[in-house]
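# Residue-level structural notes
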Amino acid sequence: MAAVQPPPLRSLDDFLLSTARFAVPDVRDLDRWNNRIINNLLYYQSNYLLSALGLLLLAGYLRPLQTVLGAAVVSVLFLGLIWGAEHRAPIRRFRRNHPLLSLLAVLSLSYTLLTVLRAAAVFLFAIAFPILMILVHASLRLRNLKNKLENRLESIGLKRTPMGLLLEALGQEQEAGS
């Protein structure tokens, strides 16, 4: 197995500007839409990480305590989901069969806990907004030849990336690169 390698940062031109092509996905073909999202998450993962960190830093600058509290709650819940999926078969099956519902459950539980802790606005801006922007971009961005080649290398195991490991932990490894 290859060592984990951070992927290169894609150019702004490729990520958003002139050479970037966007189209609304066909919502009737969920498998194809899911494939597009997973492959874009793998290909643009460095850009997504940088974008999310920028928004998180902005929120941290504006509301530092609530941002740290929100990040801690969501991290604990995601780690709980991953631990539960590794040690409990019903949770593992649910996570593999319903990845979107699993993500929504974690985000909803995070929101509920943070509302009780009075940090809901910071959670929505600092954590949920970057996730929403990443999923919207990954849904709308059409793949190019370089994207397909990079994803193929990831799927056959010649190249391991952090997003590939995260998708694997969320039960989506069988679809990555297909």
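What you see is a predicted model; the values in this text were computed from it and never measured.

Let's shift gears to the overall build of the chain. Scanning the chain from N- to C-terminus turns up nine helices and zero strands. Ordering the α and β elements of the chain from the N terminus gives α-α-α-α-α-α-α-α-α. Counting contacts in the chain only where the partners sit at least 6 residues apart, residues at least 24 apart contribute 78% of the total. Of the roughly 10700 Å² of accessible surface on the chain, a fraction of 70% belongs to carbon and sulfur atoms.

Moving on: the side chain of Arg95. Position of Arg95 relative to the elements: it lies in helix α5 (residues 89–97). The exposure class assigned to Arg95 is buried, which follows from its relative accessible area of 2%.

With that settled, consider the side chain of Asn47. Tracing the backbone shows Asn47 in helix α3 (residues 45–62). Among residues more than four places away in sequence, those in contact with Asn47 are Leu9, Arg10 and Phe15.

Within helix α9 (residues 162–169), burial applies to Met163, Gly164 and Leu167. Take α9 and look down its axis: the buried residues cluster within an arc of 105°, on one side only. Phi turns positive, to about 85°, at Gly171, one or two residues after α9.

The final tally for this structure, using the stated rule, is three salt bridges. Between Arg95 and Glu86 there is a salt bridge, with the nearest N and O atoms lying 3.9 Å from each other.

Here the focus is the layout of surface pockets. Gaps left between atoms show up when a probe the size of a water molecule is rolled over them. For the largest pocket, the calculated volume is near 1500 Å³. As for the largest pocket, its lining consists of 43 residues, and the residues nearest its centre are Leu103, Ile131, Leu135, Leu166 and Leu170. Elements represented by at least two residues in the lining of the largest pocket include exactly α2 (30–43), α3, α4 (64–87), α5, α6 (99–116), α7 (120–140) and α9. Counted by class, the lining of the second largest pocket contains one nonpolar, one polar and four charged residues.

Calculation criteria
Residues numbered from 1 in each chain as written. Predicted model: local features only at pLDDT ≥ 70, side-chain atom pairs only at ≥ 80, totals over all residues. Heavy atoms only, no water. Helix = DSSP H or I, 4+ residues; strand = E, 2+ residues; numbered from the N terminus. Contact = heavy atoms within 4.5 Å. Areas by Shrake-Rupley, 256 points an atom, 1.4 Å probe, with all protein chains shown as cover. Buried < 20%, exposed > 50% of the residue type's maximum accessible area, 1.4 Å probe, protein only. Arc of directions from axis to C-beta. Salt bridge = Lys/Arg side-chain N within 4 Å of Asp/Glu carboxyl O. 1 Å grid on protein atoms, 1.4 Å probe; cavity = no way out; pocket = protein on both sides within 12 Å on 5 of 7 lines; lining within 4 Å. Points joined across faces, edges and corners; volume = space filled by probe spheres on them. Nonpolar A, V, L, I, M, F, W, Y, C, P; charged D, E, K, R; others polar.

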